[in-house]
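Commentary on secondary and tertiary structure
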Amino acid sequence: MRMPEKETKRKKCGAMTEERKGDVPIYHAVTDCNKESIVKDDRATPEELYAELVKKIRQYHPSDDLSRVEKAYLVAKEYHKDQKRKSGEPYIIHPLRVAIILAELEMDKESIIAGILHDVVEDTSMTIEELEAEFGSDVALLVDGVTKLTRLSWDGDKTELQAENLRKMFLAMAKDIRVIIIKLADRLHNMRTLQFMKPEKQKEKSRETLDIFAPIASRLGISKIKIELDNLALSYLHPEEYKKLVQAIDQKKSAREDYIQQIVDEVRGHLTAAGIKVEVYGRVKHYFSIYKKMKVQEKTLDQIYDLFAVRVLVDTVQDCYAVLGLIHEMYTPMPGRFKDYIAMPKPNRYQSLHTTLIAKNGTPFEIQIRTYEMHKTAEYGIAAHWKYKEGNTSNTALSGEEEKLSWLRQILEWQREMSDNGEFLSSLKSDLNIFSEKVYCFTPNGDVKNLPKGSTPVDFAYSIHSAVGNRMVGARANDKLVPIDYQIQNGDRIEVITSQNSKGPSRDWLSIVKSTQAKNKINQWFKEQNKEDNIFKGRELLEHYCKSRGIALSDITKPEYIEKVLAKYGFREWNAVLAAIGHGGLKEGQVANKLLEEKKKDDRNRITDQEVLQAVAENSTKKPALRKTKNGIVVEGLDDLAVHFSRCCNPIPGDEIVGFITRGRGVSIHRTDCINVLNLPENERSRLIEAEWHQQIQQTEKYQTEITIYANNRIGLLADISRVLAEGEVDIRSLNTRTSKQDVATVSLHFETSGVDEINRIIQKLRQVEGVMDIQRTAQ
């Protein structure tokens, strides 16, 4: 519902309001007969909108202190002051409209503040750190969660970018579900003003809304937003069909309104006479719901009988069932058209009794019976149960809402398992498919499971747990053995038969399962089984890709570049990336291009070889100068060159050292006995440069080093070694042990030291430990 600054006269149920999108009219129906139809004045000023926002917050929020909301408004207004929307209106209008939608959902103040500020990080110079300093970590988390990844350097297609943005959003949702509620409010206002965008952009945004955001609103139970998103998206994706549908429904509106009112009066009178306190009203079903039914059931509008519904609201669950009995006395119920969502709620916790009846004139109609609390949940979903307290605005929802978010946990699991953005997006859209129908069945313990229509016992098994699916060898439906491709029917009680001797799922199962979850789990099992083969295949594919494009693989697979790839795709090791490429979860081009992108970034920050050698030549003509670095190293010549320790030999004060002028990373310091220095090719030796430790080096400075201890294995060996190190106040960074077949223990210690003198003392004490045969400084 759009909330205005001014109200128009009340419109009848089913009446049409019209906007124009260029030459194409966009119709909006008044779909709730018991509510006032309100039309926004789009010429409202920021000041008027802010006043409207404050008014709405005060209607439900217990606190009178709105100073932080006002501060957010003033900050957003200042940062957006020079920006305009496509409509030509000041940009601040959009965040204020978003905040008003959140206030209509009765969200907490942090959500409303984040709604006002949701675009300042993405579209202005304000940083997330500045925002956190001003408004706190809660608001910063919410704003960051809805901020798109628009500042990334992206070489891929729009699908990749869309998937990355969705991944980020779902991760933020897992931390705080308010993120998606703000995002839905943002998307709703953008859809309301979509007529100012180009036609191709209108279709792109509408398709994304129908595929992703409207289903998410449905999963969260926020029908108030879902219905409007559905209708708006339909009007842009299929404008002609939408227009015809609206006009066809509108043609018979007068007769329909009279008929609805007649039934409402009959039901209200009968229930009141029975002593039940009720509220009864009629409503036309929203356009997308009718359109969806026509498409799924392949029917024309004339063949859709339940175009409207009567809703009955009562105080208690007991009253719901009492009303059901009385209504079934009044009208003839249609067989097979009764649904008890109170006893078996939908996954989004929607509860209601639905029954389709035959009126006295033979026309079918639907009645929905629910309590006021159920109605609030149906309209506002998870937002209806939001808990806010002054001084404690944490994202705490009712414990019953946990089940509503089970689908989010499933999506997060996909994110970890799927590196390929195309596969992730496809799975997400399939799972959120608004046209898919559901089937309800029971576990042996009586728990309800809802699965896509056409699901098999395999789908059921994987909905319980991946281990159950992987060990499945058969199934029973209603205590009878059934084949694994049996299609589950509503009300079936399914029992999965498992065996520890099962060899795992069959590839044939992929052709019979219907749920996205089952397909992903089966694919994941095969990926794990073939990991070694996939690593080899992935390496080959990556090498071939680079070779065909003239890219030297060795140049782009440096550790610092690989770390960026691991972080981007959520892997812990390089082999996992290669395995993902091998089984098709990642495209070799994705990985190669990311590595190449990191190399290009690095190249821009490097000085060239010629510049380095020229600096050496220039300094060699001058009086030799030794420059002390912050690491306590004195390097010959070169005034402005970075100096760092090599990891291959970990030099420490007291070691004889030498500098090596690297290709673009300054001077790396090595021990003179480092194997890499000793094996340096002749044509590279010109890069060696004199270096030494400064005589007045601070003893408080610490350096990384590593030693390897070889000892006869025995009980207590590690404890004795640890005691020596503790007595020497050694800060151990890592410790690794292994034992050979000859029972020789090898202990690798990585720790910090002030220099050679200290490490010699430690080694001398360690040699006194029983069983120690040799100790070596580690140098690769």
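Residues numbered from 1 in each chain as written. Predicted model: local features only at pLDDT ≥ 70, side-chain atom pairs only at ≥ 80, totals over all residues. Heavy atoms only, no water.

Turning our attention to the overall build of the protein chain. A tally of regular secondary structure across the protein chain gives 30 helices and 22 strands. Counting over 780 residues, the protein chain shows a buried share of 50%. Taking as baseline every contact in the protein chain between residues at least 6 positions apart, the subset at least 24 positions apart corresponds to 67%. (Helix = DSSP H or I, 4+ residues; strand = E, 2+ residues; numbered from the N terminus. Buried < 20%, exposed > 50% of the residue type's maximum accessible area, 1.4 Å probe, protein only. Contact = heavy atoms within 4.5 Å.)

On the basis of which strands lie adjacent, the open sheet formed by 5 strands has the order 3-4-7-6-5 and mixed pairing. The outermost strands of the open sheet, each flanked by one partner alone, are strand 3 (279-284) and strand 5 (332-340). Across the sheet, the mean angle separating the axes of adjacent strands is 20° when strand polarity is ignored. Inspection of the sheet shows strand 5 paired to strand 6 (residues 353-358) by 5 bridges, in the antiparallel sense. Bridging across to strand 6, Lys339 finds its partner in His354. Packing against the sheet, helix 15 (residues 317-330) makes contact with strand 4 (308-314), strand 5, strand 6 and strand 7 (364-371), and its axis sits at approximately 160° to strand 7. (Pairing = 2+ DSSP bridges. Axes fitted to C-alpha atoms, helices over the stretch in contact; angles between N-to-C directions.)

So, on to the pattern of salt bridges. Here the structure, examined in full by the defined rule, presents 22 salt bridges. Two residues, Asp186 and Lys183, come together in a salt bridge whose shortest N-O distance is 4.0 Å. On the criterion of helical spacing, the pair formed by Asp186 and Lys183 is a turn pair, its members being 3 residues apart in helix 9 (residues 178-192). In this pair, the class of Asp186 matches that of Lys183, namely buried. The residue Asp230 makes a salt bridge to Lys226 at a minimum N-O spacing of 2.4 Å. Separated by 4 residues within a single helix, Asp230 and Lys226 lie in helix 11 (residues 223-237), roughly one turn from each other. (Salt bridge = Lys/Arg side-chain N within 4 Å of Asp/Glu carboxyl O.)

Below, the discussion takes up the sheet that holds strand 10 (residues 472-477). Across the sheet, 3 strands lie side by side as 11-10-12; this open sheet has antiparallel pairing. Of all strands in the sheet, those with a lone pairing partner are strand 11 (480-482) and strand 12 (494-498), marking the two edges. Looking at each pair of strands side by side, their axes are set apart by 35° on average, direction ignored. Bridge count for strand 10 against strand 12 is 5 bridges, and the pairing is antiparallel. Considered in strand 12, the bridge of Met472 is made with Thr498.

Bringing the packing of aromatic side chains into the picture now. Following the criterion strictly, the structure yields 6 aromatic pairs and no others. Taking the centre distance of 5.9 Å and the plane angle of 85° together, the rings of Tyr242 and Tyr287 count as edge-to-face. Of the two residues, Tyr242 is situated in helix 12 (residues 239-251) and Tyr287 in helix 14 (residues 287-296); the sequence distance between them amounts to 45 residues. Each member of the pair, Tyr242 as well as Tyr287, carries the same accessibility label: buried. Seen in terms of ring centroids, Tyr331 and Phe365 are 5.2 Å apart; in terms of plane orientation they differ by 90°. Their pairing is edge-to-face. One end of the pair, Tyr331, is in the loop between helix 15 and strand 5; the other, Phe365, is in strand 7, and 34 residues separate them in sequence. Tyr331 gets classed as buried once you look at its relative accessible area, which sits at 4%. The ring centre of Phe526 lies 4.0 Å from the NZ or CZ of Arg507, which sits over that ring. Positioned above the aromatic ring of Tyr545, the side-chain terminus of Arg549 is 3.7 Å from the ring centre. (Phe/Tyr/Trp six-rings, centres within 6.5 Å; stacked < 30°, edge-to-face > 60°. Lys NZ or Arg CZ within 6 Å of the ring centre and 35° of its normal.)

The grouping of Leu718, Ile732 and Leu735 at the surface amounts to a nonpolar patch, some 210 Å² of accessible area in total. Relative accessible area serves as the criterion here: at 33%, Ile732 is assigned to the partly exposed category. (Patch = residues over 30% accessible without salt bridge, like charges linked within 9 Å, V, L, I, M, F, W, Y side chains within 5 Å. Areas by Shrake-Rupley, 256 points an atom, 1.4 Å probe, with all protein chains shown as cover.)

End to end, helix 15 covers 20 Å across 14 residues, agreeing with the expected 20 Å (1.5 Å per residue, within 8%). By the burial criterion, the buried members of helix 15 are Cys320, Val323, Leu324, Leu326 and Ile327. On its buried side, helix 15 packs onto helix 13 (253-273), strand 4, strand 5, strand 6 and strand 7. (Expected span 1.5 Å × (residues − 1).)

For helix 1 (residues 46-60), with 15 residues, the first-to-last C-alpha span of 22 Å sits near the 21 Å given by 1.5 Å per residue. Pro46, Leu49, Tyr50, Glu52, Leu53, Val54, Lys56, Ile57 and Tyr60 are the residues of helix 1 that are buried. Elements that come into contact with the buried residues of helix 1 comprise helix 2 (67-79), helix 3 (93-104) and helix 4 (109-117).

This paragraph deals with the pairing of strand 6. Every other side chain in a regular strand lies on the same face of the sheet, so the side chains alternate between the two faces. Across the 6 residues of strand 6, 5 count as buried, placing the element largely inside the fold. As paired elements, strand 6 and strand 7 share 6 bridges and run antiparallel to each other. Bridging across to strand 7, His354 finds its partner in Gln368. Counting the residues that bridge the hairpin from strand 6 to strand 7 gives 5 residues, and of these Gly362 lies at a positive phi of roughly 90°.

Among the secondary structure elements, Thr371 is positioned in strand 7. Apart from the residues within four sequence positions on either side, Thr371 is in contact with Leu313, Val314, Asp315, Thr316, Val317 and Cys320.

We now examine the packing of helix 11 against helix 14. Between helix 11 and helix 14, whose axes approach to 8 Å, the crossing angle comes to 65°. Contacts from Asp230, Asn231 and Leu234 of helix 11 reach helix 14 at Tyr287, Phe288 and Tyr291. Looking at the contact of helix 11 with helix 14 residue by residue, the class counts come to 4 nonpolar, 1 polar and 1 charged. (Nonpolar A, V, L, I, M, F, W, Y, C, P; charged D, E, K, R; others polar.)

In a soluble, globular protein the nonpolar side chains are often hidden away together inside. One finds Leu53, Ile112, Leu117, Leu131, Leu184 and Ile225 to be the most contacted residues of the largest nonpolar core, which totals 77 residues. Residues Ile657, Ile689, Leu766 and Val772 belong to the second largest nonpolar core, which totals 30 residues. (Core = buried A, V, L, I, M, F, W, Y, C linked by side-chain atoms within 4.5 Å.)

Quick look at the environment of Val643 now. Following the sequence through the fold, Val643 ends up in strand 15 (residues 643-645). Owing to a relative accessible area of 13%, Val643 belongs among the buried residues under this scheme. Residues Val643 and Ile669, 26 residues apart in the sequence, show an inter-C-alpha distance of 7.2 Å.

Position of Ile535 relative to the elements: it lies in helix 22 (residues 531-548). Between the C-alpha atoms of Ile535 and Asn575, which are 40 residues apart in sequence, the distance is 6.1 Å. Other than its neighbours up to four places away in sequence, Ile535 contacts Asn575, Leu578 and Ala579.

Not every positive phi belongs to a glycine, and Glu106 is a case in point at roughly 60°. With respect to the element layout, Glu106 can be found in the loop between helix 3 and helix 4. In this structure Glu106 comes out as partly exposed when scored by relative accessible area, which is 34%. The backbone of Asn478 sits at a positive phi, close to 55°, despite the residue not being glycine.

Below, the discussion takes up the confidence of the model for the protein chain. The predicted model of the protein chain averages 76 in pLDDT, with 77% of residues at 70 or higher. Averaged pLDDT values for the elements of the protein chain fall to 35 in strand 2 (residues 24-29) and rise to 93 in helix 3. When the criterion is pLDDT under 50, residues 149-157 qualifies, and its contacts beyond four places in sequence or with other chains add up to 15 contacts. For the stretch residues 622-628, pLDDT sits under 50, and the model shows 19 contacts to residues farther than four places along the chain or on other chains. (pLDDT = per-residue confidence, 0-100.)

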